[in-house]
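Topology and contacts: notes
For reference, the chains in residue letters:
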Amino acid sequence: NVPVRRQRLLHNSTVLSGESHEPPGMPYHDTVLTDLGVVPDTVLQLAVVPPAWLWANTEGQVVDCYRRVPQLEALLEWVADSQSDDTETEEEGHGVIRIIGADFPLTAAGVLQFLQGCSDACHRAHQPVIPGVDPDGDAEVDWSRAPWRDISSLIQLGDEGLTAFRLPWETDMLAPEAAAVLACCSPSAEPEAKELQLQRCRFYTCGDLRDDAMDYFYHRHGT
C-alpha cells in the first residue's frame with residue numbers, strides 16, 4: 001500500500017534510478033534494471049522513503065489525519081466579523097504540517113512550489129498541501145480548495161518575527177496575538193517565548209495571480 005513514488009530500489013546502499021528507452025512491449029522492469037547494469041541473481045532491496053510532509057498539531061507532533069486547529073478557526077472567525085460579508089472565511093482552509101522527507105523551503109518561490117506538490121527541496125513530486133488531503137496517498141485532489149496553482153508568486157512580509165506581520169485590517173492591540181496564533185504559539189506562553197518563536201517564522205502573502213488561473217480563485221470569483 002505504499003505509493004510508487006515513495007518506493008526505491010537499493011543495490012549495496014546505492015539508490016537505483018533511471019528510465020527505459022526500449023520499444024513498447026518490452027518488460028519494463030527487466031529493461032530498466034538491465035539499463036542500470038543490474039545482472040541476473042543480483043540482490044536488491046526495496047526501500048520506502050518518507051512522505052515529504054505530514055499533518056501535525058500546533059506543537060509540531062505528527063497526527064494521523066488532517067485536523068482543524070481551534071486557534072486558527074478563531075482567527076478566521078475574527079477576520080469574518082471584522083470585514084465585509086464577502087470574506088468567505090467559512091470556506092477557507094487552514095492547517096499545520098510537518099516537513100519530513102524534504103528540505104525546508106527557505107524562499108517564497110520554494111514555499112509556493114512545495115505547497116503545489118513539487119519542489120527542488122524535495123527532489124520528487126508529492127501531494128500538494130490542501131486541507132483534507134492524505135499526504136501519503138495517490139487520490140485526486142480538489143484544486144478548487146487551494147489557491148496554490150492560481151498564484152504566480154508569493155511575497156515575504158518584511159523580516160522575520162513580529163515586525164514582518166502587518167495585516168491591513170489589524171489594530172496594534174491585536175497584531176501580536178494574531179501573529180502568535182499563526183506561529184503556533186501556546187496561548188499560555190510568556191510574551192518573551194512568543195517573540196522568540198516569532199523570530200523563527202517567515203510570513204508570506206499572495207503576490208501576482210496567474211492569467212490562466214482556473215482553480216481556487218476562478219471558482220470563487222470567476223477570475
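Residues numbered from 1 in each chain as written. Predicted model: local features only at pLDDT ≥ 70, side-chain atom pairs only at ≥ 80, totals over all residues. Heavy atoms only, no water.

**Description of the packing of aromatic side chains**
Inclusion rule: A pair of aromatic rings is counted whenever rings of Phe, Tyr or Trp (Trp by its six-membered ring) have centres within 6.5 Å, and the orientation is called stacked for planes under 30 degrees apart, edge-to-face for over 60 and tilted otherwise. Note on classification: 1.4 Å probe, protein chains only; a residue is buried when its accessible area is under 20% of the maximum for its type, exposed when over 50%, partly exposed between these limits.
Taken as a whole, this structure holds three aromatic pairs when the rule is applied. Judged by centre distance (4.9 Å) and plane angle (85°), the ring pair of W53 and W55 falls under edge-to-face. Across the pair, exposure class does not vary: W53 and W55 are buried alike. An angle of 65° between the planes, with centres 4.8 Å apart, marks the rings of W55 and Y66 as edge-to-face.

**Examining the pairing of strand β1 (residues 7-11)**
Filter applied, for reference: What makes two strands pair is DSSP finding at least two bridges between them. Strands are runs of DSSP state E lasting at least 2 residues, helices are runs of H or I lasting at least 4, and numbering of each runs from the N terminus.
Sheet topology places β1 next to strand β3 (residues 45-48); four bridges connect them, and they run antiparallel. Within the sheet, the bridge partner assigned to L9 lies in β3 and is L46. Pairing of β1 with strand β2 (residues 14-16) involves three bridges; the strand directions are antiparallel. The residue of β2 that forms the bridge with L9 is L16. In this antiparallel pair of consecutive strands, β1 and β2, the connection spans two residues, and N12 shows a positive phi of 55°.

**What to know about the environment of D138**
Topologically, D138 is positioned in the loop between α3 (108-116) and β6 (154-156). Residues D138 and Q127, spaced 11 residues apart in sequence, show a C-alpha to C-alpha distance of 7.6 Å.

**Let's talk about the sheet that holds β1**
Here is the rule we go by: For helices, the fitted axis covers only the stretch in contact; all axes are lines through C-alpha atoms, and the angles between them, taken along N-to-C directions, range from 0 to 180 degrees.
Spatial ordering of the open sheet is given by β2-β1-β3, a layout of three strands whose pairing is antiparallel. Every interior strand has two partners, whereas the edge strands, β2 and β3, have only one. Shown here is a sheet whose adjacent strand axes are inclined to one another by a mean of 45°, direction ignored.

**Some details on the confidence of the model for the protein**
In plain terms, the rule: What pLDDT expresses is the predictor's confidence in each residue, scored from 0 to 100. Only heavy atoms matter for contacts: two residues are in contact if any of them lie within 4.5 Å across the pair.
For the protein, per-residue confidence averages 76 on the pLDDT scale, and residues scoring 70 or more make up 72% of the total. When the criterion is pLDDT under 50, residues 19-28 qualifies, and its contacts beyond four places in sequence or with other chains add up to 10 contacts. Note that pLDDT drops below 50 for residues 168-173; the model gives that stretch six contacts with residues more than four away or on any other chain.

**Things to note about the side chain of S144**
How we decide: Throughout this description, a polar contact denotes any pair of N or O atoms lying within 3.5 Å of each other; where both atoms belong to protein, one of them has to be capable of donating a hydrogen while the other can accept it, and for residues adjacent in sequence the pair is counted only when both atoms sit in side chains.
Topologically, S144 is positioned in the loop between α3 and β6. In terms of polar contacts, S144 uses its side chain to reach the side chain of D142, at 2.6 Å.

**Considerations on the pattern of salt bridges**
Cut-off, in case you're wondering: Salt bridge, as applied in this entry: a Lys or Arg side-chain nitrogen positioned within 4 Å of an Asp or Glu carboxyl oxygen.
Taken as a whole and assessed by the stated rule, the structure comprises four salt bridges. Measuring nitrogen to oxygen at the nearest pair gives 2.8 Å for the salt bridge that ties D215 to R149. Of this pair, D215 sits in the loop between β7 (204-206) and α6 (216-221) while R149 sits in the loop between α3 and β6, and the two are 66 residues apart along the sequence. Relative accessible area serves as the criterion here: at 9%, D215 is assigned to the buried category. Put simply, R210 and D212 hold a salt bridge, and the shortest N to O gap is 3.0 Å. Taking the relative accessible area as the measure of exposure, R210 reaches 41% and is therefore partly exposed. Judged by its relative accessible area of 48%, D212 falls in the partly exposed class.

**Some thoughts on unusual backbone geometry**
Backbone geometry at D41 places phi at a positive 70°, although glycine is not the residue there. Inspection of the secondary structure assignment puts D41 in the loop between α1 (28-35) and β3.

**Let's talk about the state of the cysteines**
The term disulfide refers to a covalent linkage connecting the sulfur atoms of a pair of cysteines. The cut-off we apply is this: Our working definition of a disulfide is a cysteine sulfur pair at a distance within 2.5 Å.
Taken as a whole and assessed by the stated rule, the structure comprises zero disulfides. The thiol of C184 is not disulfide-bonded; the next cysteine sulfur, from C185, is found 7.8 Å away. Cysteine C185 remains unbridged, with the sulfur of C201 as its closest cysteine sulfur at 6.7 Å.

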